[in-house]
Amino acid sequence: MDLLYPERCVNCGAFGASFCDSCEARMLDAPPIPRCAFCRGHWDGKDNCPRCFELQALDGVRAVADYEGPARRLVLSLKYRYTLPVVPVMARHLQPLFDDEAFDAVVPVPLHPSRQRYRGFNQAELLHRELGLPQPPGQLLRVRRTRAQYALTSVGRAANVAGAFAYHGDALEGLRVAILDDVVTTGATANECARVLRDQGAASVTAVAFARANYGPTSPDDALHI
Ligand SMILES: [Zn+2]
Ligand SMILES: [Zn+2]
């Protein structure tokens, strides 16, 4: 199979690896920017950014990289070109976030079953499995299809995902929970998941994503959480 489909870097096309050393170095060497302490989005004002006020159910947002350049290509190639060899690459970079903070259960953001059937996998579940993260005692399900978040305002995004998730199984009483996704934008999806998990007794809920979008994704290929 390697002869038919030689591995190529999803960012620059170089042969030899699904994500080459120089693109990986570029991703990691991104110059630091001022960030909101809560959501880690770009913010150079005092305290938290105003966007965080809408994330009442979350305890914070963590991410490996900003959703741009090589990191963005990793996410998009997995989601739309099904480049499964990038999963271990993304997982390797996510690992330190889980080393830094102890979580009792990690919940991948679910896709609607019809979306998962179409794609054949849920990228958040693949990352969860690759990292061998602790399972919740029940299952978070997406019970309603939602529109692509990228085309909506922040108020529209919250409304779009309201009531989209349900939890089945044993409660999460007192557990420190993380929600795992490939990319987080406004946090509206993660916040709605967190609301449902808190209703089940979760003591804290933190969103952990491979990439953190700094708002304003405009092109259809940035369709998030559809
Ligand atoms: Zn490359
Ligand atoms: Zn913020």
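Residues numbered from 1 in each chain as written. Chains lettered and ligands numbered in written order. Predicted model: local features only at pLDDT ≥ 70, side-chain atom pairs only at ≥ 80, totals over all residues. Heavy atoms only, no water.

1. Let's talk about the coordination of the zinc ion (ligand 2)
Here is the rule: Atoms are scored as donors when they are N, O or S and lie within 2.8 Å of the metal, with 3.2 Å used for Na, K and Ca; no water is included, so coordination may look incomplete. Four donors are marked tetrahedral only if all angles between them lie between 85 and 135 degrees, whereas four are marked square planar and six octahedral if opposite donors are more than 155 degrees apart and the other angles lie between 65 and 115; the remainder are marked irregular. Put simply, DSSP H or I for four residues or longer makes a helix, DSSP E for two residues or longer makes a strand, and each gets a number counted from the N terminus. Only protein chains enter the calculation, and the probe is 1.4 Å; a residue is then buried if its accessible area is under 20% of its type maximum, exposed if over 50%, and partly exposed in between.
Around the zinc ion (ligand 2), the protein contributes the donor atoms Cys-36 (SG), Cys-39 (SG), Cys-49 (SG) and Cys-52 (SG), which lie 2.1 to 2.3 Å from the metal centre. Classification of the site at the zinc ion (ligand 2) as tetrahedral follows from its four donor atoms and the range of 101 to 116° in their angles at the metal. Each donor residue of the zinc ion (ligand 2) belongs to the same chain, and together they define the spacing C-x2-C-x9-C-x2-C. Of this pair, Cys-36 sits in the loop between helix H1 (21-28) and strand S1 (60-66) while Cys-52 sits in the loop between H1 and S1, and the two are 16 residues apart along the sequence. Taking the relative accessible area as the measure of exposure, Cys-36 reaches 1% and is therefore buried.

2. Points about helix H5 (residues 123-131)
The test is simple: Residues are treated as being in contact if the distance between any of their heavy atoms lies within 4.5 Å. For this analysis, a polar contact is any N or O atom pair within 3.5 Å, provided that within protein one partner can donate a hydrogen and the other can accept it, and provided that sequence-adjacent residues contribute only side-chain to side-chain pairs.
Those residues of H5 not exposed but buried are Gln-123, Ala-124, Leu-126, Leu-127, His-128 and Leu-131. Looking at the packing, one finds that the buried side of H5 touches helix H2 (69-81), helix H3 (86-100), strand S2 (105-108), helix H4 (113-119) and strand S5 (176-184). Capping the start of H5 is the job of one residue whose side-chain oxygen sits 2.8 Å from the backbone nitrogen of Ala-124: Asn-122. Where H5 ends, the next residue or the one after it, Gly-132, has phi of about 60°, a positive value.

3. Description of the nonpolar core
Rules: Residues enter a nonpolar core if they are buried and are Ala, Val, Leu, Ile, Met, Phe, Trp, Tyr or Cys, with the set joined through side-chain atoms within 4.5 Å.
Of all hydrophobic cores here, the largest spans 35 residues; its most connected members are Leu-74, Leu-94, Phe-98 and Phe-210. Looking at which element gives the most residues to this core, the answer is H3, with eight residues. Those residues in contact with Phe-98 that sit more than four places away from it in its chain are Phe-103, Val-106, Leu-131, Leu-133, Ala-178, Leu-180 and Val-208. Grouped together as the second largest cluster of nonpolar side chains are 28 residues, Cys-49, Leu-55, Val-61 and Val-107 included.

4. Some thoughts on the environment of Leu-152
Residue position: Leu-152 is located in the loop between strand S3 (138-142) and helix H6 (154-161). Classification of Leu-152 as buried rests on a relative accessible area of 15%. Once residues lying within four places of it in the same chain are set aside, the contact partners of Leu-152 are Arg-147, Arg-157 and Asn-160.

5. Section: the side chain of Thr-83
Mapping Thr-83 onto the fold places it in the loop between H2 and H3. Polar side-chain contacts of Thr-83 include one of 3.4 Å to the backbone nitrogen of Leu-78. The residues contacting Thr-83, other than those within four sequence positions of it, are Val-10, Ser-77 and Leu-78.

6. Considerations on the coordination of the zinc ion (ligand 1)
Cys-9 (SG), Cys-12 (SG), Cys-20 (SG) and Cys-23 (SG) make up the full set of protein donors to the zinc ion (ligand 1), lying at 2.3 Å. One way to put it: the four donor atoms around the zinc ion (ligand 1) meet at angles of 103 to 118°, and that makes the site tetrahedral. Considered as a linear motif, the donors of the zinc ion (ligand 1) on their single chain read C-x2-C-x7-C-x2-C. Of this pair, Cys-9 sits in the segment before H1 while Cys-23 sits in helix H1, placing them 14 residues apart in sequence. Accessibility expressed as a relative area gives 4% for Cys-9, which makes it buried.

7. Here's the deal with the pairing of S5
Moving residue by residue along a regular strand, the side chains alternate between the two faces of the sheet. Quick reminder of the rule: We call two strands paired when DSSP finds no fewer than two bridges between them.
For S5, the buried fraction is high: eight of the nine residues fall into the buried class. Pairing of S2 with S5, which is carried by four bridges, proceeds in the parallel orientation. Across the sheet, Val-107 pairs through a bridge with Ile-179, a residue of S5. Pairing geometry for S5 and strand S6 (residues 204-212), over eight bridges, is parallel. Looking at the pairing, Val-184 lines up with Arg-212 of S6.

8. Digging into the confidence of the model for the chain
Heads up, the condition is: How sure the predictor is of each residue is captured by pLDDT, a score from 0 to 100.
Chain-level pLDDT for the chain is 89 on average; 92% of the residues reach the 70-or-more range. The lowest-confidence element of the chain is H6, averaging 79 in pLDDT; the highest-confidence one is S2, averaging 98. Overall, residues 216-226 carries pLDDT values under 50, and its contacts beyond four positions in sequence, including any with other chains, amount to 40 contacts.

9. Observations regarding H2
Test applied: Helices are assigned an expected span. That span is 1.5 Å times one less than the residue count.
Over its 13 residues, H2 extends 17 Å from the first C-alpha to the last, a length consistent with the 18 Å expected when each residue adds 1.5 Å. Immediately downstream of H2, the backbone of Tyr-82 shows phi near 55°, a positive value.

10. Comments concerning the sheet that holds S2
What counts, and what does not: Angular values range over 0 to 180 degrees, each being the angle between N-to-C directions of two axes fitted as lines to C-alpha atoms, with helices fitted over their stretch in contact.
In space, the four strands of this open sheet follow the order S1-S6-S5-S2, with parallel pairing throughout. Two strands in the sheet have a free side with no partner beyond their single neighbour: S1 and S2. Neighbour-to-neighbour, the strand axes of the sheet open up by a mean angle of 20°, direction not taken into account. Relative to S6, S1 runs parallel, the two sharing six bridges.

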